[in-house]
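Examining the three-dimensional arrangement
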Amino acid sequence: MSDLPTSPRVLSVANQKGGVGKTTTAINLGTALAAIGEDVLVVDLDPQGNASTGLGIDRKARARSIYDVLVGEANLPEVIVPTAVPRLSIASSTLDLLGLDLEIGSEADRAQRLRNAIFGLADAYEAGDSRAGPFTYVLADCPPSLTLLTINALAASHAVVVPLQCEFFALEGLSQLLRTVEQVRSGLNRELSIHGIVLTMFDARNNLANQVVQDVRDTMGDTVYETVIPRNVRLSEAPSYGKPALLYDLKCPGSQAYLRLASEVIQRERQMRASQAAPV
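Summary of the structure given here. The model shown is predicted, which means the values in this text are computed figures rather than measured ones.

Conventions and cut-offs
- Residues numbered from 1 in each chain as written.
- Predicted model: local features only at pLDDT ≥ 70, side-chain atom pairs only at ≥ 80, totals over all residues.
- Heavy atoms only, no water.
- Helix = DSSP H or I, 4+ residues; strand = E, 2+ residues; numbered from the N terminus.
- Rg over C-alpha atoms; globule rule 2.2 N^0.38 Å.
- Buried < 20%, exposed > 50% of the residue type's maximum accessible area, 1.4 Å probe, protein only.
- Disulfide = S-S within 2.5 Å.
- Expected span 1.5 Å × (residues − 1).
- Arc of directions from axis to C-beta.
- Contact = heavy atoms within 4.5 Å.
- Core = buried A, V, L, I, M, F, W, Y, C linked by side-chain atoms within 4.5 Å.
- Patch = residues over 30% accessible without salt bridge, like charges linked within 9 Å, V, L, I, M, F, W, Y side chains within 5 Å.
- Areas by Shrake-Rupley, 256 points an atom, 1.4 Å probe, with all protein chains shown as cover.
- Salt bridge = Lys/Arg side-chain N within 4 Å of Asp/Glu carboxyl O.
- Axes fitted to C-alpha atoms, helices over the stretch in contact; angles between N-to-C directions.
- Parallel < 35°, antiparallel > 145°, perpendicular 65-115°, else oblique.

1. Observations concerning the overall build of the protein
Of regular secondary structure, the protein possesses 12 helices and 8 strands. In summary, the protein has a C-alpha radius of gyration of 18 Å against a globular reference of 19 Å for 280 residues, a match within 12%. With the C-alpha coordinates of the protein rotated into their principal frame, the extents come out at 50 × 45 × 40 Å. Every one of the 280 residues in the protein was classed for burial, and the buried ones make up 54%.

Here is the structure:
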């Protein structure tokens, strides 16, 4: 089993439950990381392609996509395109991804296709391909289901960012994802960890939402980020304009929350590196 590359840092944005703000988090966390100086690649692994649309990539412009990479018909740099956000690029999705399990499900390396593609970025950049980076972060936006696409993302990732909606069944969905992460760690990727849980769609006026926040923090402790993403109309509107919220309305509460989350992610990265470098 190969170790993961030290750079870029690969984070999956994942939750097997839909409607939790996963794609919104991938888009806006990526934008916020780029805004504070990181070079970021978003990999859209959801066949719906909402991350691609939300970053302004028209469906007609997706002649080649991450699907082509995963079936072995293209290298990752060939499908990377810049976005309107400086320092932020994307490998787009198409509906072709719906058939991936059937197409490569019998292949021996089916779960490592994305990891191998990301491994190749550094070599491609050193060979002079400017499309290959250099990226400091790769964010994989996973589909809301446990398919070969999600397994590829987890097998390629150093850690998982888990968006969790502030609703009654939040912890139930979380336990399912934690089991999946543990299975991938034991079988495919021993380095995989939970980077953090980000509480989304929070409405301070809702007593249930406040209770969910308290329950999740009591249960998961320091794994939960301090930053809470509010329910915010501007966050919901931005994708229809093909923009992340930080470009659509930088000053709205949602944008400001994602900037705080990006700073928190960077801080946790520093702590992780420090603990890994410490003598045993």
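Moving on from the coordinates now.
2. Focus on the state of the cysteines
What the rule picks out here adds up to 0 disulfides. Residue cysteine 252 stays outside any disulfide, its sulfur separated by 17 Å from that of cysteine 166, the closest cysteine. For cysteine 252, a relative accessible area of 4% puts it in the buried group.

3. A look at helix 1 (residues 22-35)
The end-to-end C-alpha separation of helix 1 is 20 Å, in line with the 20 Å expected for 14 residues at 1.5 Å each. For helix 1, the buried fraction is high: 12 of the 14 residues fall into the buried class. For helix 1, the set of buried residues is Lys22, Thr23, Thr25, Ala26, Ile27, Asn28, Leu29, Gly30, Thr31, Ala32, Leu33 and Ala34. Following helix 1 by one or two positions, glycine 37 has its phi on the positive side, about 110°.

4. Structural notes on helix 9 (residues 207-220)
Over its 14 residues, helix 9 extends 20 Å from the first C-alpha to the last, a length consistent with the 20 Å expected when each residue adds 1.5 Å. Those residues of helix 9 that fall on the buried side of the exposure criterion are Ala209, Val212, Val213, Val216 and Met220. Buried residues of helix 9 fall within an arc of 100° about the axis and therefore sit on the same side. Away from its buried face by more than 90 degrees, helix 9 exposes Asn207 and Asp218. Residues of helix 9 that are buried in the fold lie against strand 6 (159-165), helix 8 (170-187), strand 7 (193-202) and strand 8 (224-230). Trailing helix 9 by a residue or two, glycine 221 shows a phi angle of about 60°, which is positive.

5. Details of unusual backbone geometry
Of note, the bond from glycine 133 into proline 134 is cis; its omega dihedral lies within 30 degrees of zero at 10°. Along the chain, proline 134 turns up in the loop between helix 6 (113-126) and strand 5 (137-141). A positive phi angle, close to 75°, is found at arginine 87, a residue other than glycine. Along the polypeptide, arginine 87 turns up in the loop between strand 3 (80-82) and strand 4 (88-91).

6. Looking at the side chain of glutamate 264
Secondary-structure assignment places glutamate 264 in helix 12 (residues 253-277). Setting aside residues no more than four positions away along its own chain, glutamate 264 makes contact with Tyr225, Glu226 and Thr227.

7. Here we look at the nonpolar core
Membership of the largest hydrophobic core comes to 54 residues, with the highest contact counts inside it found for Leu45, Ile66 and Leu76. Top contributing element to this core by residue count: helix 7 (residues 148-156), with 6 residues. The residues touching isoleucine 66, leaving out its near neighbours within four places in the chain, are Val43, Asp44, Leu45, Leu76, Val79, Ala91, Ser92, Ser93, Leu97 and Leu114.

8. Let's talk about a nonpolar patch on the surface
Together, Phe168, Phe169 and Leu208 make up a nonpolar patch on the protein surface, roughly 340 Å² of accessible area in all. Among the secondary structure elements, phenylalanine 169 is positioned in the loop between strand 6 and helix 8.

9. Structural notes on the pattern of salt bridges
According to the stated counting rule, one finds 12 salt bridges in the structure shown. Here glutamate 182 ties to arginine 185 by a salt bridge, and the two come within 2.2 Å at their closest N and O atoms. Remark: arginine 185 and glutamate 182 occur in helix 8; sequence separation between them is 3 residues, near one turn of the helix. As a salt-bridge pair, aspartate 203 and arginine 205 come within 3.0 Å of each other at their nearest N and O atoms. When salt bridges that share partners are traced, they join Arg234, Glu237 and Asp249 into one network.

10. Let's talk about the packing of helix 6 against helix 7
Pairs of packed helices are described in terms of their axes, by the angle between the two and the distance that separates them. Close contact between helix 6 and helix 7 brings their axes to 7 Å; oriented N to C, the two are set at 45°. With respect to helix 7, the axis of helix 6 lies oblique. On the side of helix 6, the interface is formed by Arg113, Leu114, Arg115 and Ile118, while helix 7 contributes Asn152, Ala153, Ala155 and Ala156.

Function-wise, these values are silent; they only describe arrangement.
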